[in-house]
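Geometric and topological summary
The lines below spell out each chain.
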Amino acid sequence: MSILLSSAAVTPAARLRGLRPDWLNDPKVWRTEILAGLVVALALIPEAISFSIIAGVDPAIGLFASFTMAVTISVVGGRRAMISAATGAVALVIAPVNREHGMGHLVATVILAGVFQVILGAVGVARLMRFVPRSVMTGFVNALAIMIFMAQVPEMHDVPWAVYPLIAGGLVLMVFFPKVTKVIPAPLVSIVILTVITVGAGIAVPTVGDKGALPSSLPVPGLPDVPFTLDTLTTIAPYALAMALVGLMESLMTAKLVDDITDTHSSKTRESIGQGVANIVTGFFGGMGGCAMIGQTMINVKVSGARTRVSTFLAGAFLMVLCIAFGPVVSDIPMAALVAVMVMVAFGTFDWHSLAPATLKRMPAGEIAVMVITVIVVVATHNLAIGVVVGTITAMVVFAKRVAHLAQVTAVTDPDRSTVVYSVTGELFFASSNDLVGRFDYAGDPEKVVIDLSAAHIWDASSVAALDAIETKYKQRGKTVEITGLNDPSADLHGKLTGELTGSH
């Protein structure tokens, strides 16, 4: 009988169910997403607090940022199941703002960084990521690890002796506990055990509570407490741009990683804009901003098996519930436990394979130089964005130098010595064309010279100018030059520019 039912008999509720994704009706998916969100929230607490310390703000600020980033990006982001929250990369960039100008300027910086990210996303900056070479990415990751470790050094200086065995114990727990089970995050287990030991034994060491009060209620939106003047804008703009670039780079790298793990595609443009929107929302709620978190995303996607936006949303929601309900307990966490967590994060972030003797032996010297320069610039400037830009420029110079030597010129003279044919192979651009002029025998060649470019490509005005210079040198000696074999793009560029690049005419 159900087969004979007309479409008019289908209820609105049934129609709505038909429009919903299949996983919404699957209890197993819901269970996976809920548990994944809870595990990520538990793992987020210590890291959010640690990143707050790096940024020089109260733990509440980092926790607020993780809450608003995760909840907002779960709606507007382009990569499902990716976790965004307060991160070490962003904390390192904005720490000087808080230190030199105060909390109001930090919040304004986060909002402006979000605006920059929306603009960069809208103009297609995600497509530019393909121009950042792997050696720069490796240098970026290694420099981030070094800076996270360096940020922990002050917490290990001039402290009670008990801090050192606590840090060592935390590291041992995080190394060996995953061999027992990976259901509960090892950093959380380490923090719980060290907190129980310090509280139970009455060990006097610095705690999270010493750094500032935890939130007892949800964040309230508001405007940053700064003068809305051009001077404020010029003060925060460089930090905001650096934060925007660092946040986008880390987020797009993480999104690509999740794409590979899940064999699915994500919209990098939507993710870029979504990161901006999330940072704007976070700024208005008084948070320190953030971006995608590689470690927490791996917990969510690889360990817990989450695949939807639900887990990302619940990670943020559970985070606030845990802080508001268990704030007094979190305040008793010893700083040594968080230092141990961040040391492990730094250790896990560093690409140790990039320093392996076998890798260094195989890697071209130019690639190693680019990686090292990226690390040095980042560590020296404490600015990840500057390091990536300098590293990318260095990589381009190394590439240009390498490709410049690939342009070859061979000459074949006719038996009657009336004509010589020069065959040019390779890519002709500013770096290779400068050497091109010196590859011809202007005085010794016969009356007719043919330059065969069928195995070459002209890329820029420098190459056209070099060919013009070659023709001029031959004409000064009463010899004729014929250029043949140009492909269509090269012929078009040569036709437009030849004879137009000098003022002699």
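Refer to the structure printed above.
The notes below deal with the structure included here. (Residues numbered from 1 in each chain as written. Predicted model: local features only at pLDDT ≥ 70, side-chain atom pairs only at ≥ 80, totals over all residues. Heavy atoms only, no water.)

Considerations on the packing of helix 5 (residues 103–122) against helix 10 (residues 230–262)
Each packed pair of helices is defined by two parameters, the angle between the axes and the distance between the axes. Contact geometry for helix 5 and helix 10: axes closest at 7 Å, N-to-C directions at 55 degrees. Taken together, helix 5 and helix 10 sit at an angle that is classed as oblique. Seen from above, helix 5 lies across helix 10 with right-handed handedness. Partitioned by chemical class, the residues of the contact of helix 5 with helix 10 number 16 nonpolar, six polar and no charged. (Axes fitted to C-alpha atoms, helices over the stretch in contact; angles between N-to-C directions. Helix = DSSP H or I, 4+ residues; strand = E, 2+ residues; numbered from the N terminus. Parallel < 35°, antiparallel > 145°, perpendicular 65-115°, else oblique. Left-handed = near helix turned anticlockwise from the far one by under 90°. Nonpolar A, V, L, I, M, F, W, Y, C, P; charged D, E, K, R; others polar.)

Examining the layout of surface pockets
Approximately 1200 Å³ is the volume found for the largest pocket. Looking at the largest pocket, it is lined by 40 residues, and the ones nearest its centre are P187, G295, Q296, M298 and I299. Secondary-structure elements contributing two or more residues to the lining of the largest pocket are helix 2 (27–55), helix 4 (88–101), helix 6 (134–152), helix 7 (163–180), helix 8 (186–201), helix 12 (294–303) and helix 14 (335–349). Here the lining of the largest pocket is built from residues that sort into 27 nonpolar, nine polar and four charged. The calculated volume of the second largest pocket comes to roughly 330 Å³. Contributions of two or more residues to the lining of the second largest pocket are made by helix 10 and helix 17 (384–404). Of all the elements, helix 17 adds the most residues to the lining of the second largest pocket, at six residues. Partitioned by chemical class, the residues of the lining of the second largest pocket number 15 nonpolar, one polar and no charged. (1 Å grid on protein atoms, 1.4 Å probe; cavity = no way out; pocket = protein on both sides within 12 Å on 5 of 7 lines; lining within 4 Å. Points joined across faces, edges and corners; volume = space filled by probe spheres on them.)

Quick look at the nonpolar core
Grouped together as the largest cluster of nonpolar side chains are 87 residues, with contacts concentrated most on L63, M288 and L319. Among the elements that make up this core, the one with the highest residue count is helix 2 (twelve residues). Judged by nonpolar contacts, the second largest core, of 21 residues, contains V420, V424, Y442 and V449. (Core = buried A, V, L, I, M, F, W, Y, C linked by side-chain atoms within 4.5 Å. Buried < 20%, exposed > 50% of the residue type's maximum accessible area, 1.4 Å probe, protein only.)

Points about the packing of aromatic side chains
Scanning all chains against the criterion turns up seven aromatic pairs. Between F429 and F430, the aromatic rings sit 5.2 Å apart at their centres with planes inclined by 85 degrees, giving edge-to-face as the arrangement. For F429, a relative accessible area of 12% translates into the label buried. Of the aromatic side chains, those joined through ring pairs into one cluster are Y422, F440, Y442 and Y474. In this arrangement the basic side chain of K473 is found over the ring face of Y442, its NZ or CZ atom lying 5.8 Å from the centre. (Phe/Tyr/Trp six-rings, centres within 6.5 Å; stacked < 30°, edge-to-face > 60°. Lys NZ or Arg CZ within 6 Å of the ring centre and 35° of its normal.)

Considerations on the pairing of strand 4 (residues 419–428)
Alignment of strand 3 (residues 408–413) against strand 4, held across six bridges, turns out to be antiparallel. The partner of V409 across the bridge, within strand 4, is V424. Hairpin connection between strand 3 and strand 4: a loop of five residues separates the two successive antiparallel strands, and R417 in this loop has a positive phi of roughly 60 degrees. With nine bridges connecting them, strand 4 and strand 5 (residues 448–458) associate as parallel partners. Opposite L428, over in strand 5, you have I458 as the bridge partner. Each parallel crossover has a hand, and the one from strand 4 via helix 18 (residues 430–436) to strand 5 is right-handed. (Pairing = 2+ DSSP bridges. Right-handed = clockwise from strand over helix to strand, strands pointing away.)

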